[in-house]
Amino acid sequence: HTRGSIGEKFRTSQATAGIAASAAESATEISYRVQVNKWLAVQPLIQWYRNPGADSAVPNATVVGARVELAL
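Notes on the structure follow.

Summarising the element assignment, Ser22 is placed in the loop between helix 1 (8–16) and strand 2 (24–31). Ser22 gets classed as buried once you look at its relative accessible area, which sits at 9%. Among the polar contacts listed, one links the side chain of Ser22 to the backbone oxygen of Ala24, at a separation of 2.9 Å. The residues contacting Ser22, other than those within four sequence positions of it, are Ile6, Arg11, Asn51, Ala54, Asp55 and Ser56.

Here it is, written out as structure tokens:
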């Protein structure tokens, strides 16, 4: 889990532009790495983002993906 705090100056400038900036954004990731063989590993993952971009108007996001490692 990670969390990034948004500075007061940025939130104030966003408010001036009519954008409701949140005080922070956070992300949580769940993944599992599988070593398929000596040269290939696969890591499926799911990530949840709360207040992405620190913009309160943007809905929370879910990302599903995979990382692939090749040893040449």
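Read on for the rest.
Let us look at the pattern of salt bridges. As enumerated under the stated definition, the model contains three salt bridges in all. The residue Arg11 makes a salt bridge to Glu8 at a minimum N-O spacing of 2.7 Å. A residue pair is termed a helical-turn pair when its members lie 3 or 4 positions apart in one helix, as Arg11 and Glu8 do in helix 1 at three residues. You can call Arg11 partly exposed: its relative accessible area is 24%. Here Arg33 makes a salt bridge to Glu69, at a shortest N to O gap of 3.0 Å. With Arg33 in the loop between strand 2 and strand 3 (34–37) and Glu69 in strand 5 (residues 61–70), this pair connects stretches of sequence that are 36 residues apart.

With that settled, the discussion passes to the pairing of strand 3. Sheet analysis places strand 3 next to strand 4 (residues 40–50), joined by three bridges and oriented antiparallel. Bridge assignment links Gln35 to a residue of strand 4, and that residue is Ala41. The hairpin formed by strand 3 and strand 4 contains two residues between the paired strands.

Quick look at a nonpolar patch on the surface now. A cluster of nonpolar side chains, contributed by Trp39, Val68, Leu70 and Leu72, occupies part of the molecular surface with about 550 Å² of accessible area. Inspection of the secondary structure puts Trp39 in the loop between strand 3 and strand 4.

In this section: the environment of Arg11. For the pair formed by Arg11 and Ala23, sequence separation is twelve residues and the distance between their alpha carbons is 7.5 Å. Apart from the residues within four sequence positions on either side, Arg11 is in contact with Ile6, Ala21, Ser22 and Ala23.

Thresholds, definitions, all that
- Going along each chain's sequence as written, the residues are numbered from 1 onward.
- With the structure being a predicted model, the display of local features is reserved for residues of pLDDT at least 70 and the display and counting of side-chain atom pairs for 80 or more, all residues being used for whole-chain, interface and lining totals.
- The basis for every side-chain value is the complete set of non-hydrogen atoms in the structure, without hydrogens or water.
- Helix and strand definitions here come from DSSP, where helices need a minimum of 4 consecutive H or I residues and strands a minimum of 2 consecutive E residues; each element is numbered from the N-terminal end.
- Type-normalised accessible area, obtained with a 1.4 Å probe on protein chains alone, sets the label of each residue: buried when under 20%, exposed when over 50%, and partly exposed for intermediate values.
- Any pair of N or O atoms that falls within 3.5 Å is considered a polar contact. Within protein, one atom must be able to donate a hydrogen and the other to accept it, and sequence-neighbouring residues count only if both atoms are side-chain atoms.
- Two residues qualify as a contact provided that any one of their heavy atoms is within 4.5 Å of a heavy atom in the partner residue.
- The term salt bridge refers to a pairing of a side-chain nitrogen on Lys or Arg with a carboxyl oxygen on Asp or Glu at a separation within 4 Å.
- The rule for pairing is simple: two strands pair if DSSP sees at least two bridges between them.
- A patch consists of residues whose relative accessible area exceeds 30% and which take part in no salt bridge; residues with like charges are grouped when within 9 Å of each other, and nonpolar side chains (Val, Leu, Ile, Met, Phe, Trp, Tyr) when within 5 Å.
- All accessible-area figures derive from a Shrake-Rupley calculation using a 1.4 Å probe, and residue coverage is judged against the displayed protein chains alone.

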